[in-house]
Amino acid sequence: MARLLYEWDYSQYPGAKSYPHLFKPIQIGNLSVPNRIKYAATEDNFNTHDGFITDADVAYMRERAKGVVGGLCFMQGVYMDPGRQGQGYVGQAACWDDQFIPGLKRIADAIHAERAVAGFQLMDCGRVGAVEVDYCHGPSAVPQRLRIFKPVQEMSKADIQDVVQQHVAAARRGVAAGFDMMEISGIVGYLISNFISSYTNRRTDEYGGDIRGRMRMVVEIIQGVKQACGPDIPVGIRLCSEELLDDVRGNTPEESMQTYQIAEEAGADYISCTLGWQESIYPVISRDIPMGNWIHLAKRAKQHVKIPIQMAYRLFKPGLPNETIGAGELDIWEMCRSMIADPLMPKKVLEGRENEIRHCVACNLCLARLFRDAPMTCYINPVCAHESNPEFTDPPPAQDKKRIMIVGAGPAGLECAYMAARRGHEVHVYDQRSGIGGTLNEARNAPYGDDELWTCIEYQQAMCAKTGVQFHLGTAVTEQLLQDELPDTVVLATGPVYPQLTAKGGDHKKVVYLLDVMNGKTPVGGNVVVYGNRKPGIGCALHLAKQGKKVTLVGREKSAGFDVNPSFKWRYLIYMRQAGINAYNGCDIEEVTDEGVIVRSYDGYRWPVACDTVIVSEREANASLKQAALSEGIELFVIGDALVPRNLSSAVHDGYRIGMRI
Amino acid sequence: MPVDAEKEITRLWRALHGAQDEIGKTYYRWRQVALELAGPGAKPLEVGLRAAEVFGKEIGKGFLPRLNWLKGEDAFLMNLGRSLADIWGTEGGIAVAEKGAHPGEVLIRCTRDPWPSWAKEYGVPMEEVALCRERMFQAVLEDVSVFFRIPLKIELVKAIPRGQGETVLRLYKTA
Ligand SMILES: Cc1cc2nc3c(=O)[nH]c(=O)nc-3n(C[C@H](O)[C@H](O)[C@H](O)COP(=O)(O)OP(=O)(O)OC[C@H]3O[C@@H](n4cnc5c(N)ncnc54)[C@H](O)[C@@H]3O)c2cc1C
Ligand SMILES: Cc1cc2nc3c(=O)[nH]c(=O)nc-3n(C[C@H](O)[C@H](O)[C@H](O)COP(=O)(O)O)c2cc1C
Ligand code: SF4
């Protein structure tokens with residue numbers, strides 16, 4: 001009889017009716033799990049630089065444990081060697097000695113406190129490890145393709161045996177700390193995958209050669225860990241279903257499927273189906289990849305093995321995993337980023353509160369920060385990384401209840417509105433537009449997944465409705481209105497201004513403005529110059545290039561997409577190159593002429609670019625109404641792009657923080 | 001003010017050539033420093049060849065993210081040959097990669113090379129110029145060969161600094 005840790009009855013919840021396959025039990029090894037939901041292991045860089053668990057990490061995990069409503073909740077992968085070659089992140093948890101057990105136990109306890117299944121992960125980062133030492137280790141000394149990673153030292157057979165034993169010992173410590181499930185991470189180019197791949201394993205001894213040889217160390221690890229865990233604790237492994245490394249002669253998909261079969265033979269109780277490597281040239285999880293793009297790989301995996309298959313990768317909405325599980329093509333719905341963005345995401349699905357989910361926008365900032373040795377934060381979730389601070393998670397009610405006027409129903413204004421209302425203030429949101437969403441109404445029209453930005457507005461709309469925010473749409477706030485209403489507090493969330501071009505001829509009739517183009521009000525010609533090389537300009541350029549227009553980007557920043565994080569920026573640069581968009585960075589428009597524009601580089605070179613339309617996307621802070629509010633003695637806050645033109649993330653974070661403070 | 005194309009291009013052209021000229025001069029200034037620090041017993045050719053190795057290894061690392069195996073071996077070799085030829089282009093020379101007489105062979109042919117003139121200015125022997133280029137390209141191939149699992153060699157066939165009118169290097173797959 002399979003062991004059940006906690007009883008859960010979902011029958012009364014609406015989500016269990018809408019998504020019945022997500023909320024039915026499954027047996028994994030000898031453990032019965034009440035639902036099909038898993039928070040997948042997530043490195044967060046919150047722990048001390050010598051690997052001890054911090055309060056921040058415990059609080060972070062507890063929130064996610066709440067979210068899985070009885071399902072699987074995995075902590076980040078731990079490194080296991082005292083030499084720290086396996087350590088890939090400065091704040092990664094360690095498990096190479098018993099001294100780490102008490103900290104790890106705090107995480108297991110936090111997960112159990114929410115009646116969820118506590119998962120432990122073993123993760124030697126292999127060729128992307130050694131973040132604190134000079135050399136990382138691997139099966140063969142294959143040079144690094146990306147300079148940020150350390151040189152690789154080839155492991156001897158004795159080193160391999162050490163690594164096997166380190167996994168076994170760490171698994172034992174994980175069990176001692178109270179974890180219920182064990183996972184070996186063979187994801188994205190870490191040590192396990194380095195041994196498996198023909199790209200990085202060039203050994204000629206028994207740990208190399210054909211796929212069985214390349215799997216030998218993995219098999220020894222699975223068997224050793226299984227023995228350490230005993231019959232009650234299921235042991236799973238994350239394995240690449242496709243490496244996406246054909247450009248460097250990596251494994252074929254057939255070989256990958258063989259690895260699944262070998263892992264099953266070795267005794268793995270489940271496989272988590274992953275894909276891609278950090279080094280691969282194909283994007284896998286950025287916003288330009290449609291949701292559900294990879295789910296067919298789970299189906300293929302299921303055709304090769306009998307043990308349960310789990311999978312994540314852009315499964316941000318419950319419908320598809322529910323369907324796929326129902327069709328027998330997947331067993332467990334894994335989530336990483338959707339639960340970074342909203343830790344309670346599956347709980348809200350269960351409770352029929354889907355409109356209250358703050359959806360991940362697949363920007364990959366969380367990942368980018370890890371690679372820069374910074375603690376993880378989330379673009380869209382201002383509470384992420386502050387879970388241990390009750391001021392953030394549950395801001396106290398306001399002492400003085402105020403009547404607040406928020407000018408602007410863009411993401412900054414809406415975020416501030418519901419937070420202030422939640423704390424007991426009377427909140428009125430004004431916008432001159434007839435609908436909410438501000439500039440995201442235009443931004444969502446940019447290609448490659450930018451329509452997903454709108455999910456933020458849907459979430460904020462639901463939260464405003466829930467907290468009783470009052471809307472005055474189609475109403476421009478003027479000085480007069482401000483004087484008439486005389487609120488206690490004004491929050492200016494009015495967005496940026498698009499200043500007129502100061503270049504000679506800046507008032508030429510061919511000069512138009514970004515928002516008018518993006519919402520289709522202003523037609524543009526076939527040959528366009530977009531002025532401004534930050535993300536709004538790039539979005540507009542790509543939008544027009546998709547319509548077959550010839551587009552040139554001119555902007556003052558040294559590189560296009562300066563404001564986009566590096567883990568996503570490379571995608572835009574590739575799309576621009578593919579669309580033939582020429583970018584003149586570090587440049588300004590000196591003059592607008594009948595023929596086009598004259599571009600001037602930062603060092604004074606000048607050249608003409610022919611065009612029939614110039615689109616201004618450069619933005620400035622918005623000072624309107626500021627003076628009026630101050631002169632009336634009204635408490636004033638300026639947030640979002642009105643303060644400094646930035647992006648959706650800053651708008652949301654500003655809004656939340658000011659909403660907490662008023 | 002309308003753009004005076006001739007003026008703009010001349011200015012740009014001068015700046016480019018000025019910057020290219022500095023490449024060679026800076027290298028030979030550093031060579032002098034290295035020889036001074038190495039002391040009277042140092043052999044200039046050995047120092048030059050060691051520098052070529054360090055440079056080549058470093059350049060090779062930069063090749064890894066750009067090269068790929070997607071179009072097979074012939075396309076890979078031709079791309080590699082072009083990347084090597086482009087090094088001369090950056091320095092102000094003219095070089096192309098072309099198919100060799102045998103399968104799996106690419107020739108890198110340089111018909112204008114600024115290095116002999118720079119070397120002359122600093123009194124560096126011409127043979128050193130020829131051998132350093134060969135060694136640098138050999139060092140570029142070290143990581144590329146390991147990374148892509150293809151045993152590669154490159155050797156100097158002709159050299160402008162040897163008075164042969166053009167420099168030709170033969171890039172090929174061994175075994
Ligand atoms: C094409 C494009 C692509 C973009 N792509 C991205 C992206 O990929 N990622 C990203 O993070 N960001 C992107 N952005 C930027 C993002 O949309 C903004 O940073 C964000 O919307 C700013 O939010 P906000 O609330 O501060 O201001 P806004 O969204 O501009 O909202 C301000 C609101 O205030 C209202 N308002 C102004 N004055 C008054 C007044 N006097 N009375 C009443 N109402 C008033 C306006 O009507 C508007 O609705 C993009 C923008 C564009 C245009
Ligand atoms: C910030 C971050 C940290 C991650 N850390 C780990 C980890 O420690 N171990 C692991 O196996 N996978 C890790 N992953 C991969 C995720 O578990 C997941 O497989 C991947 O993000 C795809 O799922 P998603 O689209 O739901 O985010 C990490 C991913 C992110 C974004
Ligand atoms: S940072 Fe971006 S990708 Fe990461 S969870 Fe937040 S919204 Fe998603």
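Novice: Honestly, the environment of Tyr-575 of chain A in this entry has me stumped. Any pointers?
Specialist: Residue and element names in this part refer to chain A. Within the secondary structure layout, Tyr-575 lies in helix 20 (residues 566-578). When its relative accessible area of 10% is taken as the criterion, Tyr-575 is described as buried. Expressed as a C-alpha distance, the spacing of Tyr-575 and His-508, which sit 67 residues apart in the sequence, is 30 Å. Those residues in contact with Tyr-575 that sit more than four places away from it in its chain are Asp-288, Tyr-448 and Leu-542. At 2.7 Å, the side chain of Tyr-575 and the side chain of Asp-288 are in polar contact.

Novice: Can you walk me through the site of ligand 2 in this structure?
Specialist: Residues and elements named next belong to chain A. Residues in close proximity to ligand 2 total 21 residues, the closest being Glu-43, Gln-121, Ser-185, Arg-314 and Arg-337. Within the backbone of Glu-43, one N or O atom sits 2.8 Å away from a nitrogen atom of ligand 2. Contact with the protein chains covers 96% of the free accessible surface of ligand 2, which is 610 Å². Tallying contributions element by element places helix 12 (residues 365-371) first for the shell around ligand 2, with 3 residues.

Novice: Just to check I follow, could you spell out the side chain of Glu-114 of chain A for this structure?
Specialist: All names here are of chain A. Relative to the assigned elements, Glu-114 resides in the loop between helix 3 (101-113) and strand 6 (117-122). With a relative accessible area of 15%, Glu-114 lands in the buried category. When residues no more than four places from it in sequence are discounted, the contact partners of Glu-114 are Trp-8, Arg-62, Ala-65 and Lys-66.

Novice: I keep staring at the sheet that holds strand 24 (residues 606-610) of chain A and nothing clicks. Help me out?
Specialist: Two orientations exist for strands paired in a sheet by backbone hydrogen bonds: parallel and antiparallel. Residues and elements named next belong to chain A. Ordered in space as 22-23-24, the 3 strands form an open sheet in which the pairing is antiparallel. Only two strands of the sheet have a single partner each, and these edge strands are strand 22 (587-592) and strand 24. Adjacent strand axes in the sheet meet at a mean angle of 35°, parallel and antiparallel pairs treated alike. Note: strand 23 (residues 596-601) against strand 24, 5 bridges, orientation antiparallel. Each bridged residue has a counterpart across the sheet, and for Val-599 the counterpart in strand 24 is Trp-607.

Novice: Hey, could you run me through the pattern of salt bridges in this one?
Specialist: When their charged atoms lie close together, side chains carrying opposite charge are able to pair. The final tally for this structure, using the stated rule, is 59 salt bridges over all chains. We note a salt bridge from Glu-206 of chain A to Lys-157 of chain A, for which the minimum N-O separation is 3.1 Å. You can see Glu-206 of chain A sitting in the loop between helix 5 (191-196) and helix 6 (211-229) and its partner Lys-157 of chain A sitting in helix 4 (residues 157-176), a full 49 residues away along the chain. A relative accessible area of 34% means that Glu-206 of chain A is categorised as partly exposed. Owing to a relative accessible area of 40%, Lys-157 of chain A belongs among the partly exposed residues under this scheme. Where Arg-606 of chain A meets Glu-8 of chain B, a salt bridge forms, and the shortest distance between an N and an O atom there is 3.7 Å. In this pair, Arg-606 of chain A is assigned in strand 24 and Glu-8 of chain B in helix 1 (residues 5-38), connecting two distinct chains. The burial state of Arg-606 of chain A is the same as that of Glu-8 of chain B; both residues are buried. What you see here is one network of salt bridges that share partners, running through Lys-347, Glu-351, Arg-353, Glu-356 and Lys-466 of chain A.

Novice: What is the right way to read unusual backbone geometry from this model?
Specialist: Most peptide bonds take the trans form, and the phi angle of most residues other than glycine is negative. Residues and elements named next belong to chain A. Here Tyr-313, not a glycine, exhibits a phi torsion of approximately 75°, which is positive. Residue position: Tyr-313 is located in the loop between strand 12 (309-311) and helix 9 (319-326). In this structure, Arg-314 takes a positive phi of about 60° despite not being glycine. The residue Arg-314 is located in the loop between strand 12 and helix 9 in this model. On the basis of relative accessible area, Arg-314 is assigned to the buried category, the value being 1%.

Novice: Where do I start with the domain arrangement of chain A in this structure?
Specialist: All names here are of chain A. Once the domains are mapped, chain A shows domain 1 (11-371), domain 2 (395-497 + 621-661) and domain 3 (511-616). Put simply, the middle of domain 1 and the middle of domain 2, counted by C-alpha atoms, are 40 Å apart. Each partner contributes to the interface: domain 1 provides 14 residues, whereas domain 2 provides 15 residues. Summed over the three residues of domain 1 that lose the most area to domain 2, namely Arg-287, Glu-356 and Arg-358, the buried surface amounts to 52% of that side. The tally of links between domain 1 and domain 2 comes to 4 salt bridges. A salt bridge links Asp-450 to Arg-287; the shortest N-O distance between them is 2.9 Å. For the pair domain 1 and domain 2, the interface holds 6 residue pairs in polar contact (both at pLDDT 80 or more). When its residues are assigned to classes, the side of domain 1 that touches domain 2 shows 5 nonpolar, 2 polar and 7 charged.

Novice: Help me understand the site of ligand 3, please; the structure alone is not making it clear to me.
Specialist: Residue and element names in this part refer to chain A. As a structural note, the neighbourhood of ligand 3 is formed by Arg-337, Ile-340, Cys-360, Val-361, Ala-362, Cys-363, Asn-364, Leu-365, Cys-366, Cys-378, Tyr-379 and Ile-380. Looking at the shell around ligand 3, the elements that each hand over two or more residues are helix 10 (337-341) and helix 12. For the shell around ligand 3, the per-class residue count stands at 10 nonpolar, 1 polar and 1 charged.

Novice: For this particular structure, what's the right way to read the interface of chain A and chain B?
Specialist: The partner chain B presents 21 residues to the 26 residues of chain A that form the contact. Of the roughly 2000 Å² buried between chain A and chain B on both sides combined, carbon and sulfur atoms contribute 52%. Three residues, Arg-249, Tyr-605 and Arg-606 of chain A, lead the burial of chain A against chain B; their summed loss comes to 34% of the area buried on that side. Taken together, the links from chain A to chain B amount to 10 residue pairs in polar contact (both at pLDDT 80 or more). Among the elements that take part in the side of chain A that touches chain B, strand 24 of chain A stands out by supplying 3 residues, more than any other. Tallied by class, residues from the side of chain A that touches chain B come to 11 nonpolar, 4 polar and 11 charged.

Novice: Which parts of the structure should I look at to understand the sheet that holds strand 2 (residues 105-112) of chain B?
Specialist: All names here are of chain B. An order of 1-2-4-3 is seen for the 4 strands of this open sheet, with the pairing classed as antiparallel. At either margin of the open sheet sits one strand with a lone partner, and together these are strand 1 (94-99) and strand 3 (152-158). Neighbour-to-neighbour, the strand axes of this sheet turn through a mean angle of 20°, independent of strand direction. When strand 1 meets strand 2, the two strands line up antiparallel, connected through 6 bridges. Bridge pairing in strand 2 places Glu-98 opposite Leu-107.

Definitions and cut-offs
Residues numbered from 1 in each chain as written. Chains lettered and ligands numbered in written order. Predicted model: local features only at pLDDT ≥ 70, side-chain atom pairs only at ≥ 80, totals over all residues. Heavy atoms only, no water. Helix = DSSP H or I, 4+ residues; strand = E, 2+ residues; numbered from the N terminus. Buried < 20%, exposed > 50% of the residue type's maximum accessible area, 1.4 Å probe, protein only. Contact = heavy atoms within 4.5 Å. Polar contact = N/O pair within 3.5 Å; in protein donor to acceptor, adjacent residues only side chain to side chain. Near = heavy atom within 4 Å. Areas by Shrake-Rupley, 256 points an atom, 1.4 Å probe, with all protein chains shown as cover. Pairing = 2+ DSSP bridges. Axes fitted to C-alpha atoms, helices over the stretch in contact; angles between N-to-C directions. Salt bridge = Lys/Arg side-chain N within 4 Å of Asp/Glu carboxyl O. Domains from an automatic or database assignment. Buried area = accessible area lost by both parts, 1.4 Å probe. Nonpolar A, V, L, I, M, F, W, Y, C, P; charged D, E, K, R; others polar.

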